[in-house]
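Below are the chains, spelled out letter by letter.
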Amino acid sequence: MRRAPAWALPALILAVLASPLACEKEIHRAARRAFQDILAANLPPEQQAAALEELVRAYPEPKTNPNLVRAFGMLADYHARAGHPDIAASWYERAVRVNPDDPDLLNSLGYHYARNRMNLDRAVSVLRNAVRLAEARRYPARRQGFIKDSLGWAYRMRGDLPLAVALLEEASRLAPGVTVIQEHLAEAYHAIGERDRAAAAFLDLYLKGRGTSRTLRETLRALGREGGRVYARDLDRRIDSGLRGLVEADRIATEAGGAALVQLQGADGQRLFGSLYRPRDSTGRGAVAATATTGGVLLLHPLGSSRAVCAASAAAVASEGLWALAIDLRGHGASVSEALPDPHAFGIRLPDNLDAAGWDVRAGLAFLARQPGVGAHRLGIVGAGLGALLAARAVSPDDDAVPRPAALVLLSPWGPADAYREPLSHLPAESLFLVAGSEEGSPLATLRDLASPVTSGAPRSMVVEGPGAQFDLAGTSPGLPAAVASFLKSRLAGPAREAGASGHR
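The following refers to the structure shown. Nothing here was measured: the structure is a model prediction, and the numbers come from that model.

**Examining the packing of helix α11 (residues 195–208) against helix α13 (residues 229–256)**
Then comes step 1: The N-to-C vectors of α11 and α13 enclose an angle of 30°; their axes lie 10 Å apart at closest approach. As judged from the angle between their axes, α11 and α13 are roughly parallel. Once α11 is placed against α13, the crossing between them reads as right-handed. Side by side, α11 and α13 meet where Arg-195, Asp-196, Ala-199, Ala-200, Leu-203, Tyr-206 and Leu-207 of the first sit next to Tyr-231, Leu-235, Arg-238, Ile-239, Gly-242, Leu-243 and Leu-246 of the second.

Next comes the structure, spelled out in structure tokens:
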């Protein structure tokens, strides 16, 4: 059955309304179906808003429109994002009129007013009611913390500073570690003249982001200037000490996991952190002699993760007598910057950042190639998710001087098989190991496409039965890290070999 075009939805809604309906139940079904059609149409925001407005005009009664409040909320959110706070407020108010005892709705309305410095008396009133209802209904502490943060911020905007600080401190206790609550509390401290407490709170936020927020850095500098030259110097020392403390804490945690913390640098100057595992004997206890012929393996985590997820696999590789290096790709873990403070920022411009992350991979391979007994022709990569795509791309870099991997293990490869075919054509089939979980969708399809035999043979592949993905597949198949490590040892250790067989460069 063909779906009506998006532009026809309002007309369809009105046509349904005009038709004779037998009872409220039929109206209820029609309203629900119309709302589902709007969502399924996947309209651009402005068109979806227009369709929702038609919906609430056509079905204005909560008794017969089960999605009326949700539609009001969606319209409010749309206008808030579009920079129309007055219109957004009117939709929030309509939602609250339909359901005046919903603490979350009251919180949305009150915080909207406070954030936009609008109707602050009304904001305080509805948020007091939201707090009372949330407490009466025994909302979880964290959820109550968000509502009390809204009330505290409304007090702050209205100028009731002691009340603001008290509420925001309580919100911080109820929902510890929430950035927006910590920011509100720090600003409230500053507003009442508590410079030291404000500086401590802002510094905590700055270090929480590993010193990547330019805004917080400028805020701290402004607080330093307010306090005078001596105060500013002391605050700068606290900032520097805190940043060094982050690296020291990372070093301690890395060494506790049996590795050494190392720092690398991408071709563009991006600082990268990694965990380096020295080769060990098969028992995992004794270190292999530094002069022994061995190989080096780079481990690449998935998008949104960090090198920590690679630890078990890296340790297994090292126990086979190979060097193992797990790195935090730029924008992840400790390898963050003002330009890429977190994985979300990495994902916003994914194609560009994927290309830049290729420099991270090259830096890791070059570092491993310099380790005793390795060399440029004894390198392998274990890549998971997005790391699998980066691993495949490393097989055929533009620069012939860059070390290339002689063996790859791709866990839950991200993206279609076509993205892998050309780079993997430069690698002998026997040097590739593909792994995916039986309950994965696209990665499993990619594995099956890539595992098809070609003229040079078929790569090794493994489907892990049960749930899991990427490095977490080891939870379903405990022997997987050892199998991966054994494969890499077979390809990388032993007599020196040229990178790639003839015809595969």
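**A look at the side chain of Ser-305**
Then comes step 1: Tracing the backbone through its elements, the reader meets Ser-305 in the loop between β3 (296–300) and α14 (311–319).
Then comes step 2: For Ser-305, a relative accessible area of 19% translates into the label buried.
Then comes step 3: Ser-305 has contacts with His-332 and Gly-333, leaving out every residue within four places of it along the chain.

**Some remarks on the packing of aromatic side chains**
Then comes step 1: Enumeration over the complete set of coordinates arrives at 2 aromatic pairs.
Then comes step 2: Between Phe-72 and Trp-91 the ring centres are 5.7 Å apart and the planes differ by 35°, which places this aromatic pair in the tilted class. Here Trp-91 lies in helix α5 (residues 85–98) and Phe-72 lies in helix α4 (residues 68–81), a separation of 19 residues in the sequence. Just as Phe-72 is buried, Trp-91 falls in that class too.

**Points about the pattern of salt bridges**
Then comes step 1: A full pass over the atoms with the stated rule returns 22 salt bridges.
Then comes step 2: One salt bridge in this structure joins Glu-226 and Arg-195, with 3.5 Å as the shortest N-O distance. Of this pair, Glu-226 sits in helix α12 (residues 214–227) while Arg-195 sits in helix α11, placing them 31 residues apart in sequence.
Then comes step 3: Accessibility expressed as a relative area gives 42% for Glu-226, which makes it partly exposed.
Then comes step 4: A relative accessible area of 29% places Arg-195 in the partly exposed class.
Then comes step 5: The partner of Arg-307 in a salt bridge is Asp-328, and the shortest N-O contact between them spans 2.5 Å. Remark: Asp-328 occurs in the loop between β4 (323–327) and α15 (343–348) and Arg-307 occurs in the loop between β3 and α14; sequence separation between them is 21 residues. Neither residue differs from the other here; Arg-307 and Asp-328 are each classed as buried.

Cut-offs applied
- Numbering of residues starts from 1 in each chain and follows the order in which that chain's sequence is written.
- Only residues with pLDDT of at least 70 are given local features in this predicted model, and only at 80 or more are side-chain atom pairs given and counted; all residues enter the totals for whole chains, interfaces and linings.
- Hydrogens and waters are ignored; side-chain quantities use all the structure's heavy atoms.
- Simply put, an axis is a line fit to the C-alpha atoms, just over the touching stretch for a helix, and the angle between two N-to-C directions goes from 0 to 180 degrees.
- Here a helix means four or more residues in a row that DSSP labels H or I, a strand means two or more in a row labelled E, and each is numbered from the N terminus.
- Roughly parallel here means an angle under 35 degrees, roughly antiparallel means over 145, roughly perpendicular means 65 to 115, and every remaining angle is called oblique.
- Whether a crossing is left-handed or right-handed is set by the direction in which the near helix is turned from the far one by less than a right angle, anticlockwise for left-handed and clockwise for right-handed.
- In what follows, a contact means two residues having at least one pair of non-hydrogen atoms within 4.5 Å.
- Each residue is placed in one exposure class: buried if its accessible area under a 1.4 Å probe, protein chains only, is under 20% of its type's maximum, exposed if it is over 50%, and partly exposed if it falls in between.
- The aromatic pairing rule takes the rings of Phe, Tyr and Trp, using the six-membered ring of Trp, and pairs them if the centres are within 6.5 Å, calling planes under 30 degrees apart stacked, those over 60 edge-to-face and the rest tilted.
- Whenever a carboxyl oxygen of Asp or Glu lies within 4 Å of a side-chain nitrogen of Lys or Arg, that contact is scored as a salt bridge.

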